[in-house]
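Residues per chain are reported as follows:
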Amino acid sequence: MTDMTDTVGIAGDRIRSIIERVERLEEEIKDLMEAKKEVLAEAKGEGLDVKVLKEILKIRKQDKDERDEQETLLDVYLRAMDAPTPAPMAAAA
């Protein structure tokens, strides 16, 4: 008996194998996301701010140059907000 093949010559067993592998990976991802949720709940239970922890995770994913650039811009923008606003010039009458 030969491999089941559809009209375009693709082996059905190969398609099934790929689909099942992807389904297993999706299940693993689901399990990992649940584990991540549990770890963050544990941190929250210990009094840690989960929002801050997520921000730290985001920052750690950036490369050093990207992180430095973002910190520099943040500093520039904050200083610009604190700087006195120039008074509007009076119109000549």
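Residues numbered from 1 in each chain as written. Predicted model: local features only at pLDDT ≥ 70, side-chain atom pairs only at ≥ 80, totals over all residues. Heavy atoms only, no water.

Digging into the UniProt feature "coiled-coil region" (unreviewed entry) in the protein
Okay, step 1: Mapped onto the present numbering, the UniProt feature "coiled-coil region" (unreviewed entry) falls on residues 15–46.
Okay, step 2: Each end of residues 15–46 is marked by a C-alpha atom, and these two atoms are 47 Å apart; helix forms 97% of the span and strand 0%. (UniProt positions renumbered as here; feature names shortened; annotations may be inferred. Helix = DSSP H or I, 4+ residues; strand = E, 2+ residues; numbered from the N terminus.)

A look at the pattern of salt bridges
Okay, step 1: Tallied over the full model, the rule gives 3 salt bridges.
Okay, step 2: Between Arg79 and Asp75 there is a salt bridge, with its nearest N and O atoms 3.1 Å apart. Of this pair, Arg79 and Asp75 both sit in helix 3 (residues 64–82), separated by 4 residues, roughly a single helical turn.
Okay, step 3: Using a relative accessible area of 39% as the deciding quantity, one classes Asp75 as partly exposed. (Salt bridge = Lys/Arg side-chain N within 4 Å of Asp/Glu carboxyl O. Buried < 20%, exposed > 50% of the residue type's maximum accessible area, 1.4 Å probe, protein only.)

As for the packing of helix 1 (residues 12–45) against helix 2 (residues 50–61)
Okay, step 1: The interhelical angle for the contact between helix 1 and helix 2, taken along N-to-C directions, is 130 degrees, at an axis separation of 9 Å. Considered as vectors, helix 1 and helix 2 are oriented oblique to each other. Contacts between helix 1 and helix 2 involve Leu40, Ala43 and Lys44 on the former and, on the latter, Val50, Leu53 and Lys54.
Okay, step 2: Residue classes in the contact of helix 1 with helix 2 are distributed as 4 nonpolar, no polar and 2 charged. (Axes fitted to C-alpha atoms, helices over the stretch in contact; angles between N-to-C directions. Parallel < 35°, antiparallel > 145°, perpendicular 65-115°, else oblique. Contact = heavy atoms within 4.5 Å. Nonpolar A, V, L, I, M, F, W, Y, C, P; charged D, E, K, R; others polar.)

Quick word on a negative patch on the surface
Okay, step 1: Together, Glu27, Glu28, Asp31, Glu34 and Glu38 make up a negatively charged patch on the protein surface.
Okay, step 2: Relative to the elements of secondary structure, Glu38 occurs in helix 1. (Patch = residues over 30% accessible without salt bridge, like charges linked within 9 Å, V, L, I, M, F, W, Y side chains within 5 Å. Areas by Shrake-Rupley, 256 points an atom, 1.4 Å probe, with all protein chains shown as cover. Lys, Arg positive; Asp, Glu negative; His and termini not counted. Charge placed at Lys NZ, Arg CZ, Asp CG, Glu CD.)

Some details on the side chain of Gln62
Okay, step 1: Within the secondary structure, Gln62 is located in the loop between helix 2 and helix 3.
Okay, step 2: What makes Gln62 buried here is its relative accessible area of 13%.
Okay, step 3: At 2.8 Å, the side chain of Gln62 forms a polar contact with the side chain of Gln70.
Okay, step 4: Non-local contacts of Gln62, meaning those with residues more than four positions away in its chain, are made with Arg67 and Gln70. (Polar contact = N/O pair within 3.5 Å; in protein donor to acceptor, adjacent residues only side chain to side chain.)

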